[in-house]
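Topology and contacts: notes
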Amino acid sequence: MKKILLSIIALCCTMAAGAQQTDQISAILQVEDQTPQVFYGASALKSAIAAAPNSGGVITLSSGLFNAIDITKDVKIFGAGFETDADNDVALTNINGGFNVNLPAEITGPHSISLEGVYVNGDITVKSAVDGFSLTKSSVNVLTFQAAATRCVVTQSYIRYAINGGHDLYVQNSYVRGRSINVLNDESHILLNHCIITDGYGFDGGNARFNCTNCIIDASYLNYRGHQTFNYCLIVPNFTEGGSSLHNWVGVAAANVFEDAANCNYTSSRTFMLKDPETYIGNDGTQVGVYGGNYPWNKLPSTPVVKNLKAKVDGTNLDVDYDAEVR
């Protein structure tokens, strides 16, 4: 948190120093307690990654549209949010295009690569072996792992189309529009816990290996072949039992699941609160779906929101006064 606050202070100062440019997008690189570096424009993220050390850099992005760039270093990236929410002072940080996570072999693990509060207008492909990757409160089209990735976690995020690969992947409290969930090989393991999974036509693939617990599943066709498990899941119609299952609620009409709509479709305004949360209790004693478990559904990024910013120049000094609220 200290590094994030230092980056936010740097952002405040750059805004105050050129108030006419407060809408200019920026990326701030913080490395330990060094003076933050600030980069501007659509290529600001590219410049920040280029300037970052191989490990330990923290990059804070403003709202705005950034050019996509491959992540080739062990960095943490914090955006302003993956959806605009004026009521909660959340703006959109949009990375325009897909990109790869591809670390050179000399950057050895354990790693702490992370993205939070960003909308990726494309796919994320993890091409190199990583030991530590997280996607939090973000949205991406397809998340693919092409190498032996371990300690990978997706939390409170929106996967818009598919998950591919994932040797060691834990997806929690997320909305997965899982057109397909494909796993690389017999050693791969994906666990989806307290998620909403929709449009799962590809679930019937005989080689798809994944496990679901405490999830809500609305699949156009679901017939698992023994490589998947569905335990303590609320499942709407069109489900053929088979493989391994335990204590599922099968055949629940979509209109009876959520209190805010008669379907399971994703929109930015939906809450996905259950009509009857006391009926559908998972194996951890909390309600199934995205509000159970350890990380109830919340799209607000953890970066502080800056309010009441005031600045003045006093000789050679720049005095900045501001309030920062941690969300």
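What comes next is a walk through the structure. (Residues numbered from 1 in each chain as written. Predicted model: local features only at pLDDT ≥ 70, side-chain atom pairs only at ≥ 80, totals over all residues. Heavy atoms only, no water.)

**Quick notes on the overall build of the chain**
Check the secondary structure of the chain and you find 2 helices and 29 strands. Of all intrachain contacts in the chain linking residues separated by at least 6 positions in sequence, the fraction that spans at least 24 positions is 36%. Within the structure as shown, the chain displays about 13900 Å² of accessible surface, and the carbon and sulfur contribution to it stands at 47%. (Helix = DSSP H or I, 4+ residues; strand = E, 2+ residues; numbered from the N terminus. Contact = heavy atoms within 4.5 Å. Areas by Shrake-Rupley, 256 points an atom, 1.4 Å probe, with all protein chains shown as cover.)

**Describing the packing of aromatic side chains**
Per the stated rule, a full pass over the model turns up 9 aromatic pairs. Each ring, one from Tyr158 and one from Tyr175, has its centre 5.5 Å from the other, and the planes form 80°; the classification is edge-to-face. Here Tyr175 lies in strand 16 (residues 175–176) and Tyr158 lies in strand 14 (residues 158–164), a separation of 17 residues in the sequence. Overall, Tyr158 belongs to the buried group, its relative accessible area being 12%. Between the aromatic rings of Phe272 and Trp297, the centroid separation amounts to 6.5 Å while the plane-to-plane angle is 80°, which identifies the pairing as edge-to-face. With a gap of 25 residues between them, Phe272 in the loop between strand 27 (249–250) and strand 28 (305–314) and Trp297 in the loop between strand 27 and strand 28 connect regions that are remote in the sequence. What makes Trp297 buried here is its relative accessible area of 8%. Of the aromatic side chains, those joined through ring pairs into one cluster are Tyr158, Tyr175, Phe258, Tyr266, Phe272 and Trp297. (Phe/Tyr/Trp six-rings, centres within 6.5 Å; stacked < 30°, edge-to-face > 60°. Buried < 20%, exposed > 50% of the residue type's maximum accessible area, 1.4 Å probe, protein only.)

**Considering the environment of Gly132**
Relative to the assigned elements, Gly132 resides in strand 11 (residues 131–136). As a C-alpha pair, Gly132 and Arg151 span 19 residues in sequence and 4.8 Å in three-dimensional space. Setting aside chain neighbours within four positions, we find Gly132 in contact with His111, Ser112, Ile113, Thr150 and Arg151.

**Digging into the nonpolar core**
In terms of nonpolar packing, the biggest core is built from 54 residues, with Phe133 and Leu192 touching the most fellow members. Per-element accounting of this core gives the leading share, 4 residues, to helix 2 (residues 44–51). Ignoring anything within four residues of it in the chain, the contact list for Phe133 reads Val101, Ile113, Leu115, Ile124, Leu143, Phe145, Thr150, Arg151, Cys152 and Val153. Core analysis: the next-biggest nonpolar cluster, separate from the first, contains 20 residues, Ile196, Ile216, Val257 and Val288 among them. (Core = buried A, V, L, I, M, F, W, Y, C linked by side-chain atoms within 4.5 Å.)

**Looking at unusual backbone geometry**
Cis rather than trans, the peptide bond between Gly109 and Pro110 has omega equal to 5°. Residue placement: Pro110 occurs in the loop between strand 7 (99–101) and strand 8 (113–116). You will see that Arg151, though not glycine, has its phi angle at about 55°, which is positive. Relative to the helices and strands, Arg151 is located in strand 13 (residues 150–155). Take Arg151: its relative accessible area is 43%, and that puts it in the partly exposed class. In this model, Tyr232 sits at a positive phi of 55°, which is unusual for a non-glycine residue. Tracing the chain through its elements places Tyr232 in the loop between strand 23 (228–231) and strand 24 (234–235).

**Section: the side chain of Thr125**
In this structure, Thr125 sits in strand 10 (residues 124–126). Once you skip the residues sitting within four places of it in the chain, Thr125 turns out to touch Phe99, Asn100, Val101, Thr144 and Gln146.

Read these as layout, nothing more, since geometry by itself doesn't imply function.
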